[in-house]
Amino acid sequence: MDRLFLGIETSCDDTACAIFSRERGLVAGRTAEQLDHGLYGGVVPEIASRAHMRTLLPIFESVMEEAGIGLPELGGIGVTQGPGLTGSLLVGLSFAKAISYGSGVPLAGIHHLEGHILANALEGELSFPALFLVVSGGHTQLILAERIGRYRFLGGTRDDAAGEAFDKIGKLLGLPFPGGPSIERAAREGDRAAFGFPRGLRRSGECDFSFSGLKTAVRLKVESLGELTDALVGDVAASAQEAICEVLAEKSLLAARKTGVKRLHLAGGVAANGRLRELMEDMLAPEGIELSWPAVRFCTDNAAMISCAAYYHISAGHRDGLELNTFPRGELVSWA
Ligand code: KG4
Ligand code: ZN
């Protein structure tokens, strides 16, 4: 039977709902970005949760209308439980609990990182074992999945996440928030060999990362350059992007060599980066490692990935009730 699953995502500053079925893929989906945060150079939690309050109901109604269904026709509801901003998560969670309680449709809390991972399963079943490089604003992790629901953490960042490094460097260069897409754009006009920025923990022999030294090196370089012309901004952006993407690709290769797994998927907002994709292909393809990534709109926060995760959780019998709570931090744990 073709069952439809609703996903709700409000962990940070995007309000999103989507409807997924394994047979049909993504049936409907909408994401409302909150543009006000750009004025402050970062996400303001209070503004984010208030915007979710205003936007969630209309977004939900519009995806249900697009799918042409009512609540009783849903096979399940998945909602991002954490990690994320507590106020933002609570809006999505309370809403999901209310519609589940009112309709009797089963509910499952979803870990945001598993959502990013399962963005890779939107267009078809995944093959296992598989490696995932999860790179977002809050996370940089290499994960080995034996199957959906069984995950092993291979390594992660000791300080800043890759996306956080992009965002902080973007701010230092006076580029619009979020830094990732702005740096990628500015880097197109720049020379990636202009500055030799540090590659943290490059030779540690472990699948771990560090990006705080890079951020400091970029700050010192920017201070020493004096007035920042567009050409200089391009050079710093291209050189910093190269430093981040190169270590991400090198450590991914290391994880593949250590585990012998020949399949790697990218996940999370930074996976949208074209230079990262290019470098990963250059380094991994010669070793016969199959590489894939979700479409750009499913790399950054979205609800399609949560609706897809809901399908797997609810089909496996996962059920949550009104006691379901948020968690601001927390590792992805195995559940199958
Ligand atoms: O997955 P995501 O939307 O939210 C979190 O879960 O954090 O990731 C957001 C992060 C931001 O740090 C943003 O700068 C980064 O992803 N990002 C990019 C690109 N697009 C988004 N970083 C590099 N290149 C991009 N094209
Ligand atoms: Zn995310």
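Residues numbered from 1 in each chain as written. Chains lettered and ligands numbered in written order. Predicted model: local features only at pLDDT ≥ 70, side-chain atom pairs only at ≥ 80, totals over all residues. Heavy atoms only, no water.

Colleague: Explanation requested: the overall build of the protein in the structure shown.
Modeller: Along its length, the protein carries nine helices and ten strands. Scaling as 2.2 N^0.38, a compact globule of 336 residues should have a C-alpha radius of gyration of about 20 Å, and the protein matches this with 20 Å. With the C-alpha coordinates aligned to their principal axes, the bounding extent of the protein is approximately 60 × 45 × 30 Å. Contacts spanning at least 24 positions in sequence make up 73% of the contacts within the protein whose residues lie at least 6 apart. Looking at the protein as shown, the accessible area adds up to about 14100 Å², and 51% of this sits on carbon and sulfur atoms. Taking the average location of the 32 positive side-chain charges in the protein and that of its 41 negative ones, the two points are 5 Å from each other. (Helix = DSSP H or I, 4+ residues; strand = E, 2+ residues; numbered from the N terminus. Rg over C-alpha atoms; globule rule 2.2 N^0.38 Å. Contact = heavy atoms within 4.5 Å. Areas by Shrake-Rupley, 256 points an atom, 1.4 Å probe, with all protein chains shown as cover. Lys, Arg positive; Asp, Glu negative; His and termini not counted. Charge placed at Lys NZ, Arg CZ, Asp CG, Glu CD.)

Colleague: Honestly, the sheet that holds strand S8 (residues 150-156) in this entry has me stumped. Any pointers?
Modeller: Strand pairing in a sheet relies on backbone hydrogen bonds. The paired strands run either parallel or antiparallel. Spatial strand order, S8-S7-S6-S9-S10: five strands in an open sheet with mixed pairing. Looking at strand neighbours, the two that pair on one side only are S8 and strand S10 (290-292), the edges of this open sheet. Averaged over all adjacent pairs, the angle separating strand axes in this sheet is 25 degrees, with direction ignored. As paired strands, strand S9 (residues 263-267) and S10 are joined by three bridges and run parallel to one another. Each residue of the ladder has a partner; that of Arg263, found in S10, is Glu290. (Pairing = 2+ DSSP bridges. Axes fitted to C-alpha atoms, helices over the stretch in contact; angles between N-to-C directions.)

Colleague: Looking at this structure, how should I read helix H4 (residues 162-172)?
Modeller: If you check which residues of H4 are buried, you get Ala162, Gly163, Ala165, Phe166, Ile169 and Gly170. End-on, the buried residues of H4 take up no more than an arc of 155 degrees, which puts them together on one face. (Buried < 20%, exposed > 50% of the residue type's maximum accessible area, 1.4 Å probe, protein only. Arc of directions from axis to C-beta.)

Colleague: How should the environment of Val79 be read in this particular structure?
Modeller: Of note, Val79 is situated in strand S4 (residues 74-82). When the C-alpha atoms of Val79 and Arg297 are compared, they prove to be 19 Å apart, with 218 residues separating the residues in sequence. If near-sequence neighbours (up to four positions away) are discounted, Val79 is found in contact with Ile8, Gly92, Leu93, Ala96, Leu107, Ala108, Gly109, Ile110, Ile306 and Leu324.

Colleague: Please explain the pattern of salt bridges as it appears in this structure.
Modeller: Once their charged atoms are close, side chains differing in charge can pair, the charge on each being opposite to the other. In total, this model carries 15 salt bridges according to the counting rule given. In this structure, Arg24 and Asp2 form a salt bridge, with 3.5 Å as the shortest nitrogen-oxygen distance. Taken together, the residues span a long stretch of sequence, with Arg24 in the loop between strand S2 (14-21) and strand S3 (25-33) and Asp2 in the segment before strand S1 (4-9) at a distance of 22 residues. For Arg257, the salt bridge is made with Glu287, and the minimal N-O distance between the two is 2.4 Å. Of the two residues, Arg257 is situated in helix H7 (residues 230-259) and Glu287 in the loop between helix H8 (274-284) and S10; the sequence distance between them amounts to 30 residues. Its relative accessible area of 28% is what places Glu287 among the partly exposed residues. Where salt bridges share partners, they join Asp160, Glu164, Lys168 and Lys215 into one cluster. (Salt bridge = Lys/Arg side-chain N within 4 Å of Asp/Glu carboxyl O.)

Colleague: What should I look at first to understand the layout of surface pockets in this one?
Modeller: Any space left empty among the atoms is revealed by the rolling of a water-sized probe across them. In this structure, the second largest pocket encloses a volume near 220 Å³. Every residue lining the second largest pocket is counted, 16 residues in all, and those nearest its centre are Asn120, Leu126, His265, Ser292 and Trp293. Elements that contribute at least two residues to the lining of the second largest pocket include exactly S9 and S10. Split into classes, the residues belonging to the lining of the second largest pocket amount to seven nonpolar, five polar and four charged. (1 Å grid on protein atoms, 1.4 Å probe; cavity = no way out; pocket = protein on both sides within 12 Å on 5 of 7 lines; lining within 4 Å. Points joined across faces, edges and corners; volume = space filled by probe spheres on them. Nonpolar A, V, L, I, M, F, W, Y, C, P; charged D, E, K, R; others polar.)

Colleague: It is not clear to me how the coordination of the zinc ion (ligand 2) should be interpreted in this structure. Could you clarify?
Modeller: Each angle at a metal carrying four tetrahedral donors should ideally be 109.5 degrees, and each at a metal carrying six octahedral donors should ideally be 90 or 180 degrees. Surrounding the zinc ion (ligand 2) are the protein donor atoms His112 (NE2), His116 (NE2) and Asp301 (OD), which sit 2.0 to 2.1 Å from the metal. Taken in sequence order, the residues that donate to the zinc ion (ligand 2) follow the motif H-x3-H-x184-D. A residue pair is termed a helical-turn pair when its members lie 3 or 4 positions apart in one helix, as His112 and His116 do in helix H3 (residues 112-118) at four residues. (Donors = N, O, S within 2.8 Å, 3.2 Å for Na, K, Ca; no water.)

Colleague: In this structure, what is going on with the packing of aromatic side chains? I would like to understand it.
Modeller: Aromatic ring pairs: the centre-centre distance and the angle between the two ring planes describe each pair. For the structure on display, the rule yields six aromatic pairs. Pairing Phe195 with Phe197 gives two aromatic rings, centres 5.9 Å apart and planes at 35 degrees, and the pair type is tilted. Owing to a relative accessible area of 5%, Phe197 belongs among the buried residues under this scheme. Between the aromatic rings of Phe209 and Phe211, the centroid separation amounts to 6.2 Å while the plane-to-plane angle is 15 degrees, which identifies the pairing as stacked. (Phe/Tyr/Trp six-rings, centres within 6.5 Å; stacked < 30°, edge-to-face > 60°.)

Colleague: I'm lost on the site of ligand 1 in this one. Help?
Modeller: Inspection of the region around ligand 1 gives 20 residues, with Gly137, Asp167, Gly180, Glu184 and Asp301 positioned closest. Asp167 has a polar side-chain atom sitting 2.6 Å from an oxygen atom of ligand 1. The separation between an oxygen atom of ligand 1 and a polar main-chain atom of Asp301 is 2.9 Å. Coverage of ligand 1 by the protein chains reaches 88% of its 540 Å² of free accessible surface. Those elements that place two or more of their residues in the shell around ligand 1 are H3, H4 and helix H5 (179-187). (Near = heavy atom within 4 Å. Polar contact = N/O pair within 3.5 Å; in protein donor to acceptor, adjacent residues only side chain to side chain.)

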